[in-house]
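Chain by chain, the residues:
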Protein chains: 2
Amino acid sequence: MNQVKVGSRRSFDHDSKVTLKMVADRAGVSPSTVSRILNGTAVVSDDKREQVDKAIAELGFVPNPVARGLAGGRTLSIGVVAQVIDSPFYGAALGGIEEVLGPAGYSPLFMSGHWNAAEETRCIDVLRARRVDGIIMLTGRVGDSALKTVARSLPVVVTGRHLKAPNLYSLSLDNVAGGRLATEHLIAQGHRRIAFIMGVPNHPDAAERQKGYRAALEAAGLPFDPALVLPGQFSEESGLRATERLIDSRVPFSAIFAANDQMAFGAALALYRRSLRVPDDVSLVGFDDLASALYTIPPLTTVRQPVRELGRLAARAMLELLGGRRPQMAVPQPLVIERESTRRTHPG
Amino acid sequence: MNQVKVGSRRSFDHDSKVTLKMVADRAGVSPSTVSRILNGTAVVSDDKREQVDKAIAELGFVPNPVARGLAGGRTLSIGVVAQVIDSPFYGAALGGIEEVLGPAGYSPLFMSGHWNAAEETRCIDVLRARRVDGIIMLTGRVGDSALKTVARSLPVVVTGRHLKAPNLYSLSLDNVAGGRLATEHLIAQGHRRIAFIMGVPNHPDAAERQKGYRAALEAAGLPFDPALVLPGQFSEESGLRATERLIDSRVPFSAIFAANDQMAFGAALALYRRSLRVPDDVSLVGFDDLASALYTIPPLTTVRQPVRELGRLAARAMLELLGGRRPQMAVPQPLVIERESTRRTHPG
DNA sequence: CTGAAAGCGCTTACAG
DNA sequence: CTGAAAGCGCTTACAG
């Protein structure tokens with residue numbers, strides 16, 4: 001009845017210098033066989049497989065990914081280029097990516113592109129030098145053709161654009177629909193003068209959300225007033241500044257739709273500073289539904305973007321690509337989460 | 001006047017299959033020499049060095065870190081185990097780490113331990129299997145002795161504890177001082193009944209901040225009332241719950257000190273829900289000074305923790321350790337940032 | 001089904 | 001100061 005106490009030791013106590021060759025010796029087979037069993041690369045007789053499994057367990061063998069990477073070309077690591085690692089938006093996406101890559105045996109290698117094409121290119125270079133097996137690009141500014149070029153040698157999945165190319169998968173949230181939903185929500189509550197803080201002007205997300213905003217106005221027969229759309233930078237600070245400008249401009253408005261939550265947070269502060277109450281005086285809608293949107297005062301009505309889910313889907317798509325399959329991911333539709341920052345306009 | 005247009009191509013356009021051997025051939029030297037020049041491992045005659053540099057530039061050679069890792073034992077990657085990658089707190093620290101590691105030629109490998117010793121251990125195992133050159137541990141629950149064991153084979157820097165061991169460097173923020181500062185600030189404003197939401201009870205940070213809280217009360221001759229201290233989980237949600245419990249308990253209080261900003265955000269919402277105004281009815285102080293603390297309504301008075309700087313320092317300490325030096329980092333002292341969530345008690 | 005051998009791209013004693 | 005050689009720990013044609 002003696003039990004083999006395999007795996008009961010705290011793993012990093014023993015020097016993990018156990019090599020595949022040691023396993024092979026112990027099992028009485030060749031290294032090639034062990035390798036094949038490890039990789040499921042070929043059919044191996046049951047008895048050999050058994051012995052090898054036993055040897056692996058007894059020795060506590062863990063394959064060395066570095067050697068694997070050199071020999072086989074696979075490093076089991078995936079490069080992820082985000083824009084800013086310490087942003088609530090990217091943090092959520094990275095969390096989702098990590099969540100699916102880890103269990104699949106892959107390690108994410110995160111890098112920040114800082115909204116800068118040159119830096120993104122540098123990130124890609126570093127990642128390629130490190131022989132990652134694939135690259136996940138979260139939005140970013142590098143050109144589509146550059147991305148396609150990368151995809152010639154590595155699978156790539158990219159979010160925030162629509163791009164078709166071999167070995168490349170793109171997936172994005174429906175920003176037009178989201179923008180439309182937010183605006184419709186406000187219109188349904190009786191708002192007629194709805195300001196829009198749009199985020200980085202040449203950013204596709206910003207442009208698409210604006211398109212939704214305009215579509216909703218049009219559908220409701222409301223005029224589009226350029227004086228009501230303010231540029232922003234997707235940051236709290238820029239939302240604050242835009243709102244101040246809006247108020248100072250004396251253009252009448254009863255609601256603000258900010259193209260992301262962070263700008264909405266800034267807008268809320270600007271309104272507070274100018275003694276305008278939310279939602280009594282001004283209704284406010286954000287976009288993203290960051291975790292913190294639930295804890296603003298008042299809690300923010302916003303368009304839910306499944307950011308974490310998007311990260312998960314991107315990672316799954318990468319796994320598909322890696323497996324030689326064609327990914328087919330369905331990104332959930334945006335929906336408005338009504339909280340307490342919006343309300344019907346006063347009848348007057 | 002023909003210019004050599006080295007490096008002007010978009011780097012990932014050419015297949016980076018240039019090997020060290022190709023460089024050696026072109027320069028007419030042996031691979032060993034190229035390697036030594038790359039690593040500054042030995043003195044090499046100027047003319048050879050020149051030829052090699054030229055060949056490297058012409059070929060656009062980039063050393064393969066994977067091969068380097070296998071052969072030399074250095075992978076130029078650093079494992080970083082945080083607790084939750086999508087948390088404002090860890091995001092900031094990771095940003096700081098990335099900021100200094102990148103330019104030094106190292107790539108961070110981030111993993112999340114999820115506040116769980118077993119998972120942290122798994123992270124460390126994965127990281128070691130990947131042959132990282134060092135490990136940075138952001139707080140975490142694994143035992144001190146386990147960490148020391150790891151340090152026997154790898155340099156480790158750990159935050160949030162005081163630990164002395166060869167090849168290991170620990171650095172932490174002065175939580176006792178921070179807790180004291182926050183409490184003193186409130187006392188100076190006339191508050192006598194100061195509630196404390198403490199965060200995960202057995203977490204060292206929480207315990208230390210509480211120690212500071214008690215020290216300040218004592219120094220001011222104020223009684224310590226256990227009914228005023230509430231457990232929390234460092235999350236917004238837990239801050240909200242704790243505050244609701246506090247209010248329901250009918251214990252009188254005029255101020256709340258939350259052991260981190262996220263709990264303070266939750267507390268603010270709970271107060272709002274119960275129609276208690278900040279700071280008119282209750283003063284509120286947080287801890288950390290997250291970027292978003294500036295945008296709460298009203299903006300949160302808090303104890304500034306240089307979290308991003310802590311990340312930078314941890315990374316620098318790692319670089320020192322890697323260079324065989326003894327790090328000597330001075331972590332900035334906490335200080336209270338007075339904003340608008342606190343005010344003097346009413347004279348009555 | 002399974003070995004022996006070569007090779008992935010570097011580094012590092014070991015000898016000059 | 002500099003080569004030739006062995007080796008890091010795997011994988012993968014190539015032959016049975």
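Refer to the preceding data block for the structure.
A few points on the structure. Because the structure is predicted, anything quoted here is derived from the model rather than measured.

1. Let's talk about the sheet that holds strand β11 (residues 335-337) of chain B
All names here are of chain B.
Here's step 1: In spatial order, the strands read β7-β6-β8-β9-β10-β11; together these 6 strands make up an open sheet with mixed pairing. Either end of the sheet is taken by a strand with one partner, and the two such strands are β7 (229-230) and β11.
Here's step 2: The pairing of strand β8 (residues 255-258) with strand β9 (residues 283-288) spans 3 bridges and is parallel. What sits directly across from Ala-255, in β9, is Ser-283.
Here's step 3: Across the sheet, helix α9 (residues 204-219) lies against β6 (194-197), β7, β8 and β9, angled at about 170 degrees from β6, the strand it touches most.

2. Section: the packing of aromatic side chains
Here's step 1: Under the definition given, this model contains 13 aromatic pairs over all chains.
Here's step 2: When the centroid spacing of 5.2 Å and the interplanar angle of 80 degrees are considered together, the rings of Phe89(B) and Tyr90(B) count as edge-to-face. Of the two residues examined, Phe89(B) and Tyr90(B), each falls in the buried class.
Here's step 3: Aromatic side chains Tyr90(B) and Trp115(B) sit 6.3 Å apart centroid to centroid with 65 degrees between the ring planes, which places their arrangement in the edge-to-face category. Taken together, the residues Tyr90(B) in helix α5 (residues 88-101) and Trp115(B) in the loop between β2 (107-112) and α6 (117-129) connect sequence positions 25 residues apart.
Here's step 4: We classify Tyr90(B) as buried; its relative accessible area is 5%.
Here's step 5: In textbook terms, an aromatic cluster arises when at least three aromatic residues are bridged by ring pairs, as seen for Phe196(A), Tyr213(A), Phe224(A), Phe257(A) and Phe287(A).
Here's step 6: Its end group placed over the ring of Phe287(A), Arg209(A) keeps NZ or CZ at 4.0 Å from the ring centre.

3. A look at the interface of chain B and chain A
Interface size, as often reported, equals the accessible area lost upon joining of the parts.
Here's step 1: Contacts between the two partners involve 60 residues from chain B and, on the opposite side, 60 residues from chain A.
Here's step 2: Carbon and sulfur atoms supply 58% of the area buried between chain B and chain A, which totals about 5,000 Å² over both sides.
Here's step 3: Where chain B packs against chain A, one counts 4 salt bridges.
Here's step 4: Between Arg308(A) and Asp86(B) there is a salt bridge, with the nearest N and O atoms lying 2.7 Å from each other.
Here's step 5: Between chain B and chain A we count 14 residue pairs in polar contact (both at pLDDT 80 or more) in total.
Here's step 6: Contributions of two or more residues to the side of chain B that touches chain A are made by α4 (65-72), α5, β2, α6, α7 (144-151), α10 (236-249) and α11 (261-273) of chain B.
Here's step 7: Here the residues of the side of chain B that touches chain A sort into 30 nonpolar, 17 polar and 13 charged.

4. A closer look at the protein's contact with DNA strand C
Here's step 1: Taken together, 27 residues lie around DNA strand C, and Ser32(A), Thr33(A), Arg36(A), Leu20(B) and Ser35(B) are the ones closest in.
Here's step 2: Within 4 Å of the protein, the contacting atoms of DNA strand C are 66% sugar and phosphate, with bases supplying the remainder.
Here's step 3: The side chain of Arg36(A) places a nitrogen or oxygen atom 2.7 Å from a base nitrogen of DNA strand C.
Here's step 4: Within the side chain of Ser35(B), an N or O atom sits 2.5 Å from a phosphate oxygen of DNA strand C.
Here's step 5: Elements that contribute at least two residues to the surface near DNA strand C include exactly α2 (31-39) and α4 (65-72) of chain A together with α2 (31-39) and α4 of chain B.
Here's step 6: When residues of the surface near DNA strand C are assigned to their parent elements, the largest contribution, 5 residues, is made by α4(B).
Here's step 7: By residue class, the composition of the surface near DNA strand C is 13 nonpolar, 10 polar and 4 charged.

5. Notes on the protein's contact with DNA strand D
Here's step 1: DNA strand D sits among 26 residues. The nearest are Leu20(A), Ser35(A), Ser32(B), Thr33(B) and Arg36(B).
Here's step 2: Near the protein, meaning within 4 Å, the atoms of DNA strand D are sugar or phosphate in a fraction of 65%, with bases accounting for the rest.
Here's step 3: Within the side chain of Ser35(A), a nitrogen or oxygen atom sits 2.6 Å from a phosphate oxygen of DNA strand D.
Here's step 4: Between Ala71(B) and DNA strand D, the recorded distance is 3.1 Å, taken from a backbone N or O atom to a base oxygen.
Here's step 5: The set of elements that each furnish at least two residues to the surface near DNA strand D consists of α2 and α4 of chain A together with α2 and α4 of chain B.
Here's step 6: Among the elements that line the surface near DNA strand D, the one with the most residues is α4(A), at 5 residues.
Here's step 7: When the residues that make up the surface near DNA strand D are grouped by side-chain class, the tally is 12 nonpolar, 10 polar and 4 charged.

6. Here's the deal with the packing of α10(B) against α11(B)
Packed helix pairs are specified by the crossing angle of their axes together with the interaxial distance, meaning the distance between the axes.
Residue and element names in this part refer to chain B.
Here's step 1: Contact geometry of α10 with α11 gives a least axis separation of 6 Å together with a crossing angle of 45 degrees. One finds that α10 runs oblique with respect to α11. Where α10 crosses over α11, the two elements pack in a sense that is right-handed. Note on element contacts: α11 touches α10 through Gln-262, Met-263, Phe-265, Gly-266, Ala-267, Leu-269, Ala-270 and Leu-271, opposite Glu-236, Ser-238, Gly-239, Leu-240, Thr-243, Glu-244 and Ile-247.
Here's step 2: Class assignment of the residues belonging to the contact of α10 with α11 gives a composition of 8 nonpolar, 5 polar and 2 charged.

7. Describing the pattern of salt bridges
All names here are of chain A.
Here's step 1: This structure, assessed with the given rule, holds 40 salt bridges over all chains.
Here's step 2: In this structure, the salt-bridge partner of Asp-205 is Arg-209, at a minimum N-O distance of 3.6 Å. Taken together, the residues span about one helical turn, with Asp-205 and Arg-209 both in helix α9 (residues 204-219) at a distance of 4 residues. By the burial criterion, Asp-205 is buried, and Arg-209 matches it.
Here's step 3: A salt bridge links Glu-309 to Arg-312, with the shortest nitrogen-to-oxygen separation between them at 2.4 Å.

8. Examining unusual backbone geometry
Glycine aside, residues mostly have negative phi, and peptide bonds are mostly found in the trans state.
Here's step 1: Here the residue pair Ile297(A) and Pro298(A) is connected by a cis peptide bond, since its omega of -5 degrees sits within 30 degrees of zero.
Here's step 2: By secondary structure assignment, the location of Pro298(A) is in the loop between β9 (283-288) and β10 (301-304).
Here's step 3: Cis rather than trans, the peptide bond between Val278(B) and Pro279(B) has omega equal to 0 degrees.
Here's step 4: Within the element layout of this structure, Pro279(B) appears in the loop between α11 and β9.
Here's step 5: For Arg131(B), which is not a glycine, the phi torsion comes out positive at approximately 60 degrees.

9. Looking at the side chain of Gln189(B)
Here's step 1: Looking at the element boundaries, Gln189(B) is found in the loop between α8 (175-188) and β6.
Here's step 2: Every residue in contact with Gln189(B), bar those within four places of it in the chain, is listed here: Glu338(B), Thr342(B), Arg343(B), Arg344(B) and Thr345(B).

10. Observations regarding a negative patch on the surface
Here's step 1: A cluster of acidic residues, Asp46(A), Asp47(A), Glu50(A) and Asp53(A), forms a negative patch at the surface.
Here's step 2: Topologically, Asp46(A) is positioned in helix α3 (residues 46-59).

Criteria and cut-off values
Residues numbered from 1 in each chain as written. Chains lettered and ligands numbered in written order. Predicted model: local features only at pLDDT ≥ 70, side-chain atom pairs only at ≥ 80, totals over all residues. Heavy atoms only, no water. Pairing = 2+ DSSP bridges. Helix = DSSP H or I, 4+ residues; strand = E, 2+ residues; numbered from the N terminus. Contact = heavy atoms within 4.5 Å. Axes fitted to C-alpha atoms, helices over the stretch in contact; angles between N-to-C directions. Phe/Tyr/Trp six-rings, centres within 6.5 Å; stacked < 30°, edge-to-face > 60°. Buried < 20%, exposed > 50% of the residue type's maximum accessible area, 1.4 Å probe, protein only. Lys NZ or Arg CZ within 6 Å of the ring centre and 35° of its normal. Buried area = accessible area lost by both parts, 1.4 Å probe. Salt bridge = Lys/Arg side-chain N within 4 Å of Asp/Glu carboxyl O. Polar contact = N/O pair within 3.5 Å; in protein donor to acceptor, adjacent residues only side chain to side chain. Nonpolar A, V, L, I, M, F, W, Y, C, P; charged D, E, K, R; others polar. Near = heavy atom within 4 Å. Parallel < 35°, antiparallel > 145°, perpendicular 65-115°, else oblique. Left-handed = near helix turned anticlockwise from the far one by under 90°. Patch = residues over 30% accessible without salt bridge, like charges linked within 9 Å, V, L, I, M, F, W, Y side chains within 5 Å. Areas by Shrake-Rupley, 256 points an atom, 1.4 Å probe, with all protein chains shown as cover. Lys, Arg positive; Asp, Glu negative; His and termini not counted. Charge placed at Lys NZ, Arg CZ, Asp CG, Glu CD.

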